[in-house]
Amino acid sequence: MAYHYENIKLEKGMYGRSGHSFAKVLEELDPSEAYRGTPLEGMDAFQRQLKRFDIKVKGAGSDMVEKFFHTTDSAVLFPEFVSRVVRQGLEEESILPDITATVTQFDGMDYRSIASIPTESEKELKRVEEGAAIPETSIRTQENLVRLHKRGRMLVASYEAIRFQRLDLFSVTLRQIGAYIGRMHLQDAISVIMNGDGNDNAAEELKVGTSPISGTSGTLSYEALVDFWSRFDPYTMNTMLVSSDVMLAMLKLSEFQNPLTGLNFQGTGSLTTPLGAKLLRTSAMPAGTLIGLDKNYALEQICGSEITVEYDKLIDRQLERAAITSISGFAKLFGEASKVLKV
């Protein structure tokens, strides 16, 4: 049985279309819906092209890099392969989904988010008597733009150096590039949470040993964590970002060593300790620092572009200096949904 994907003409121009990724262009030419009920169901258009040229990209029997360049058509697939593997590395260990409330796709470098900053009276749950005005929530655009940042790495290798490398092995390096880009985006996110996005919305900074946080400066106690947790009303501190030294200090607290602490929350649903928050350790956090946030309301991620590679260089086997980049930025949604604790 002949399939449509076997007759598609692949060319460089499929990468340069505004607002359309290569994968999207390929999918438009070869819709996956047409393969329902066939042995190719479950594959996307790019995977069908790999099958067309018999390119195995993973596993013990993976092909060498040069397999992509056996024909002019198959060479066009190589940048998409690089992009997908880099994206896999970016997403594999990323904790950004655990700290962002929403992701916005945006075509540009300057973005203006929205904000809703209620007054103390607006936060109160008031009864609405018959005929009385209903309390209002005002939503406005932020005064200042949120700037997006391009983060990336340069792939430096001659084609001769990698042509006989197995694609499975080459993918390890590409995933590492993706992981590095992901860490840079995480650093940007943490900076925005702590310092604001340019709209005078830096997180409230609290310090152990200084009211309203109990304890002694320089040391972390369970009581200090409870005090910090209590500062989030009406939000819920459901996520904690900590540095390695703070993580170590927390794990040494007797309350965190008691298995009944976690079992009580899991069994009853009663939030009696800060263990109700998801604990995330990252080297991107400054030492002696803890960020608490309500991940449902604190942060917006703006994606200016997905993983982008210099496709013309890769197709022409000019890998000596090929840039792999991603454009992203972050905006704060509700300022009080995130706070910083200094030990």
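Preceding this paragraph is the structure being described.
Keep in mind the model is a prediction, meaning the values are calculated, not measured. (Residues numbered from 1 in each chain as written. Predicted model: local features only at pLDDT ≥ 70, side-chain atom pairs only at ≥ 80, totals over all residues. Heavy atoms only, no water.)

Moving on, we come to the sheet that holds strand 7 (residues 204-207). Read across the sheet, five strands follow the order 7-13-10-8-9 without closing on themselves; strand pairing throughout is mixed. On the outer flanks of this sheet lie strand 7 and strand 9 (278-281), each paired with one strand and no other. The mean angle between the axes of side-by-side strands here comes to 20 degrees, regardless of whether they run parallel or antiparallel. In terms of strand pairing, strand 8 (residues 239-242) meets strand 10 (residues 289-293) through four bridges, oriented antiparallel. Paired with V242 across the strands is L290, a residue of strand 10. With respect to the sheet, helix 8 (residues 222-230) is in contact with strand 7, strand 8, strand 10 and strand 13 (338-342), its orientation differing from that of strand 13 by roughly 155 degrees. (Pairing = 2+ DSSP bridges. Helix = DSSP H or I, 4+ residues; strand = E, 2+ residues; numbered from the N terminus. Axes fitted to C-alpha atoms, helices over the stretch in contact; angles between N-to-C directions. Contact = heavy atoms within 4.5 Å.)

Our next topic: the side chain of D63. Note that D63 resides in the loop between helix 2 (45-52) and helix 3 (72-75). Given the relative accessible area of 15%, D63 is considered buried. Separated by 2.7 Å, the side chain of D63 and the backbone nitrogen of K56 make a polar contact. Of the polar contacts made by the side chain of D63, one reaches the side chain of K67; its length is 3.4 Å. (Buried < 20%, exposed > 50% of the residue type's maximum accessible area, 1.4 Å probe, protein only. Polar contact = N/O pair within 3.5 Å; in protein donor to acceptor, adjacent residues only side chain to side chain.)

Our focus in this paragraph is the packing of aromatic side chains. Applying the stated criterion across every chain, the model contains 15 aromatic pairs. Taking 6.2 Å as the distance between ring centres and 45 degrees as the angle between the ring planes, the aromatic pair formed by Y235 and F334 counts as tilted. Pair noted here: Y235 is in the loop between helix 8 and strand 8 and F334 is in the loop between strand 12 (322-332) and strand 13, with a separation of 99 residues, a long-range link. A cation sits over an aromatic face here: R317 above Y159, 5.3 Å from the ring centre. A cation over an aromatic ring shows up here: K339 above the ring of F232, its NZ or CZ 5.7 Å from the ring centre. (Phe/Tyr/Trp six-rings, centres within 6.5 Å; stacked < 30°, edge-to-face > 60°. Lys NZ or Arg CZ within 6 Å of the ring centre and 35° of its normal.)

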